[in-house]
Amino acid sequence: MIHRNSAFTHSSPFMKPTLSILTAACLVTWAPLLYADENGDGRQNTPPRFNTLVTMATQVDSKTYQDFLEAPTTAPLLYRWVIESSVPEDTLKDLNKSGIINRLFSDTVWMEGLLNSGPIPNIELALANLAFLCEKDKQAIVKPIYKKLATAFALEYARQADADLKRNSKKKNYQTRWSQERMLQYYTYFRTSHAKGLLNPVFDTLDFWDMRILAGRAPGDWIDTESLEWMRDNVRLPAQQYTGACWQAPYRLNNEFGESIHSGGPYYAPFTGLYKGGRAEMTREIGAVCGGLSTYGAIAAIANGIPALTMGEPGHCAYTVRPDKTWIPAYSLSWKRGCHWCFYGHQWSNLIVTQNMFSDKESRQKSFQLMTMGDIAWKEGAADHAREFYQEALKAQPINLAHWVQYLDWERQQNTLNKQQWQAVSDQIIESYGKDYPEIAWNLLSDKVYPALMPLLTTQQEKSKAILQFHKGLATMTPAVWDFAAALKKQAQLLGNDEEAIRFMITSLPTVHLKSRDYLAPTLIWCTEQLAQFPNLQKSFYDSVASSSAEIGSKIMEQLASSIIKQAERTGDIDSFQAAGRLVKDQFKPKLPQFEPFPGELLTSGGILMLNSTHDRYGPAWQHWGVLESCGGAFHTNNREPKTEVKVIMPRMGELSGLVIVSRQSHINRGDGTIIEVSEDGSDWKQIGTIEKMKRVQRFDLNGKNIRAKYIRITCPKKDYYHLEGILAYGRRLA
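Just so it is clear, the model here is predicted, and its values are computed rather than measured. (Residues numbered from 1 in each chain as written. Predicted model: local features only at pLDDT ≥ 70, side-chain atom pairs only at ≥ 80, totals over all residues. Heavy atoms only, no water.)

Participant: How would you summarise the overall build of the protein chain if you had to cite specific residues and measurements?
Facilitator: In terms of helices and strands, the protein chain carries 28 helices and 15 strands. Counting only C-alpha atoms, the protein chain reaches 90 × 70 × 50 Å along its principal axes. When the accessible surface of the protein chain is totalled, it reaches about 30,500 Å², and 48% of it is carbon and sulfur. (Helix = DSSP H or I, 4+ residues; strand = E, 2+ residues; numbered from the N terminus. Areas by Shrake-Rupley, 256 points an atom, 1.4 Å probe, with all protein chains shown as cover.)

Encoded structure:
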């Protein structure tokens, strides 16, 4: 898309002036350079070879241009227009001294891979990088897989260098790590490893965008050649198993000399230079905590040609691997994931929608071509035609996030849509993303649409209707749990955040989400939290969520808490489970028999209980919360499952000093044969004890046994009812 107010920027000594526009939330769209105004009338001249494109973009009806786009000669012409309208002619001539530009123009697949495999904030540097790699490796010009590899590295090192230089623009004589020398070193590793047949077969299936994931790993000692080669040769696994590669290295906070890993250099300093496998081998031998372990797992996959990346979680570092077309989280402890490599935003939803967008190659190509036609129309001053093409592009691939951001930014710059038209755009976003990518829908609406739409809505009723329309478009929390509570908070602010706004939300939203397995619990939780600020609304809220009951008060809270807890247990949502427990906390009275607790904190407090079956008549779900607390609670399973499985997720990893299991007094024999296991990651389990004959109180002394766990699993291998009143783990919490 052409931005008429764009400016040139200088980023480094080897970069020529180029156009670069960065949109919000890492959504990057490069903008074509305007042609020279040779006539002095404010219009730009288009080279004659593009006259047909201009005619089709500005004068013909939709049927004609659709036929035109399907013609085999159109795509190469469009891609060439993008390049030539983005890069000065003299620069293209300089780059073509080795013939790279002419070869590019004669290869439609190559041009499409270059231009339509992700954001290009600095196309001149990308072309310079590509020319550099092709000069160093002639096979990159002729062999498709190396052509993809070189293009991916050229694009990523241009994108990352551009961003890096902007971040450090105030530093004098700053030199970016994303240099052509580092690019060549990293590229050469994959090039030679593949030529020797040493990479995982997944590598041969990768397209241009997939290889950008590999190329996008930040320069550093993890991807030095010795580290990569050691990973390649020593961590050779089936693709699906790289999610467990992190556990090859020991979790170790202090090294042999007592230095904490958080001290930085001193942790590894005594071992520097002792390992030929560089950082990778040193980590496996010396150890690390979550950051090092997750990086080890991710780099192990990358070194073998499999896309992977690390992720930040609250107080934790995880990673994810993509062995086929599906991203699989690894060493992940929370849904709050921030991807360390991204195109269009750091959230997990952004990664999944990006994957699905690029997997649909046909739709992506058509959408790109239509967006380019819109760019041409806009450049020629035909804004109405540009809008038509942009809308057609979004219909061609409704989940194309880059195109949505480009279009919405353009509409806000044009500032010509009326209230009804902005409402139609809002509906289109909800239809495109609401069911499968609700977080993306909300981000686009809140960041791009509502700032333009809300000022046009003159009544509270109109604004409330717009918010309600969003909620009606939701189905499930896919592709993962997202910060729905934050969205509700922002919506309340858009409505005025006063009592009338909150009244609307707490009476309307529970009704909308009443049958939703995913949204009812967080909606009810958020609504109850508002009652502290607006106590006058309590009755309105209780009436709205308990229309079938005439009771107001504790019974309603029990019903509400039970509903929330059952939803939370299905998804492992600790926050919702705990919020529900707090609603009925005062109704828990001490009920456990006296026993001697083990040393340390009560590690289960604040966690979540998950059951493979429940029996609401004998164990209402609201009582589940107390099972993990010192007061005690209760749960009761049904007798229809072949075995009972109870899982506890504690809020933090801990070193256990002991575990106490408290059974109900009645039918205590139902617990005979119980097996107790613990796990650090929820995958690898270690048995710590069995209960041959269940007692009222069963104690497991774990002092000095170095038992570390975040998960507890209790299994009774028989088809029968099962019931406990307490699962209490004690010990020391670990960072």
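Participant: Lay out the pairing of strand β11 (residues 674–679) in plain terms, naming residues and giving numbers.
Facilitator: Extensive coverage of β11 is indicated by the burial of five of its six residues. Bridging between β11 and strand β12 (residues 685–691) involves six bridges; their strand directions are antiparallel. Looking at the pairing, Thr674 lines up with Ile691 of β12. Here β11 runs beside strand β14 (residues 707–716); their pairing, made up of five bridges, is antiparallel. Bridge assignment links Ile676 to a residue of β14, and that residue is Ile714. (Buried < 20%, exposed > 50% of the residue type's maximum accessible area, 1.4 Å probe, protein only. Pairing = 2+ DSSP bridges.)

Participant: Can you break down the environment of Pro522 residue by residue, with the values?
Facilitator: Summarising the element assignment, Pro522 is placed in helix α25 (residues 520–530). Sequence separation between Pro522 and Ser666 is 144 residues, and the spatial gap between their C-alpha atoms is 35 Å. When sequence neighbours within four positions are dropped, the list of residues in contact with Pro522 reads Met477, Phe484 and Leu488. (Contact = heavy atoms within 4.5 Å.)

Participant: Report on the sheet that holds strand β5 (residues 328–330), specifying residues and quantitative values.
Facilitator: The sheet built from four strands is open, its strands ordered β5-β4-β3-β6 with antiparallel pairing. Two strands in the sheet have a free side with no partner beyond their single neighbour: β5 and β6 (338–339). The pairing of strand β4 (residues 316–321) with β5 spans three bridges and is antiparallel. Following the sheet pairing, Val321 is matched in β5 by Ile328. Running over the sheet, helix α15 (residues 290–303) touches β3 (308–313) and β4 and is turned about 15° from β4. (Axes fitted to C-alpha atoms, helices over the stretch in contact; angles between N-to-C directions.)

Participant: Tell me about α15, and name the residues and values.
Facilitator: Its 14 residues place the ends of α15 20 Å apart at the C-alpha level, agreeing with the 20 Å of an ideal helix rising 1.5 Å per residue. Of all 14 residues in α15, 13 are buried; the element is thus mostly enclosed. (Expected span 1.5 Å × (residues − 1).)

Participant: Provide a residue-level description of unusual backbone geometry, including the pertinent values.
Facilitator: Put simply, Thr478 and Pro479 share a cis peptide bond, and its omega is -5°. Topologically, Pro479 is positioned in the loop between α22 (460–472) and α23 (484–494). Phi at Asn173 is positive, roughly 55°, even though this residue is not glycine. In this fold, Asn173 is placed in the loop between α9 (144–167) and α10 (180–195). When its relative accessible area of 64% is taken as the criterion, Asn173 is described as exposed. Non-glycine residue Asn415 carries a positive phi angle of around 55°.

Participant: Just give me the short version of the confidence of the model for the protein chain, but keep the residues and values in it.
Facilitator: Residues with a pLDDT of 70 or more make up 92% of the protein chain, whose mean pLDDT is 89. Within the model, pLDDT remains below 50 along residues 547–552, and this stretch shows five contacts once partners closer than five positions in the same chain are excluded. (pLDDT = per-residue confidence, 0-100.)

Participant: Lay out the packing of aromatic side chains in plain terms, naming residues and giving numbers.
Facilitator: Evaluation of the coordinates by the stated rule reveals 32 aromatic pairs. Through successive ring pairs, a cluster of aromatic residues spans Phe153, Tyr157, Trp178, Tyr186, Tyr187, Tyr189, Phe190 and Phe203. The lysine or arginine in question, Arg191, covers the ring of Tyr146, its NZ or CZ lying 4.1 Å from the ring centre. One cation-aromatic arrangement involves Arg699 over Phe598; the distance from NZ or CZ to the ring centre is 4.0 Å. (Phe/Tyr/Trp six-rings, centres within 6.5 Å; stacked < 30°, edge-to-face > 60°. Lys NZ or Arg CZ within 6 Å of the ring centre and 35° of its normal.)

Participant: Account for the pattern of salt bridges, naming residues and giving values.
Facilitator: Two side chains carrying opposite charge are able to pair once their charged atoms lie near each other. Considering all chains together, one arrives at 35 salt bridges under this definition. A salt bridge links Lys147 to Asp107, with the shortest nitrogen-to-oxygen separation between them at 2.7 Å. With Lys147 in helix α9 and Asp107 in the loop between α5 (100–105) and α6 (108–115), the pair connects residues that are 40 residues apart, well separated along the chain. The class of Lys147 is buried, set by a relative accessible area of 11%. The partner of Asp409 in a salt bridge is Lys448, and the shortest N-O contact between them spans 2.9 Å. Here Asp409 is found in helix α19 (residues 401–414), whereas its partner Lys448 is found in helix α21 (residues 438–453), with 39 residues between them in sequence. As far as burial versus exposure is concerned, Asp409 and Lys448 are alike and both buried. (Salt bridge = Lys/Arg side-chain N within 4 Å of Asp/Glu carboxyl O.)

Participant: How would you explain the nonpolar core if you had to name every residue and give the values?
Facilitator: Counting residues in each nonpolar core, the largest one holds 234 residues, and the members touching the most others are Tyr433 and Ile727. Setting aside its immediate chain neighbours within four residues, Ile727 contacts Thr604, Leu609, Val627, Leu628, Phe635, Val646, Val648, Leu659, Val660, Ile661 and Ile714. Of all hydrophobic cores here, the second largest spans seven residues; its members include Leu592, Val660, Leu728 and Tyr730. (Core = buried A, V, L, I, M, F, W, Y, C linked by side-chain atoms within 4.5 Å.)

Participant: Tell me about the packing of α19 against helix α20 (residues 419–433), residues and numbers included.
Facilitator: It is the contact of α19 with α20, at a shortest axis distance of 13 Å, that shows an interaxial angle of 170°. It follows from the interaxial angle that α19 and α20 lie roughly antiparallel. Across the interface between the two elements, Leu401, Trp404, Tyr407, Leu408, Glu411 and Arg412 of α19 pack against Trp422, Val425, Gln428, Ile429, Ser432 and Tyr433 of α20. Taken together, the residues of the contact of α19 with α20 break down into eight nonpolar, two polar and two charged. (Parallel < 35°, antiparallel > 145°, perpendicular 65-115°, else oblique. Nonpolar A, V, L, I, M, F, W, Y, C, P; charged D, E, K, R; others polar.)

Participant: Hey, could you go over the side chain of Asn400 for me, with residue numbers and the actual values?
Facilitator: Within the element layout of this structure, Asn400 appears in the loop between α18 (383–396) and α19. Accessibility expressed as a relative area gives 2% for Asn400, which makes it buried. Filtering out sequence-adjacent residues up to four positions away, Asn400 remains in contact with Met357, Ser367 and Tyr433.

Participant: Please set out the packing of α10 against helix α12 (residues 225–234) residue by residue, giving values where relevant.
Facilitator: The N-to-C vectors of α10 and α12 enclose an angle of 30°; their axes lie 10 Å apart at closest approach. As judged from the angle between their axes, α10 and α12 are roughly parallel. As for the relative orientation of α10 and α12, their crossing is right-handed in sense. Residues Gln185, Tyr186, Tyr189 and Ser193 of α10 lie in contact with α12, whose contacting residues are Thr225, Leu228, Glu229 and Arg232. Here the contact of α10 with α12 is built from residues that sort into three nonpolar, three polar and two charged. (Left-handed = near helix turned anticlockwise from the far one by under 90°.)

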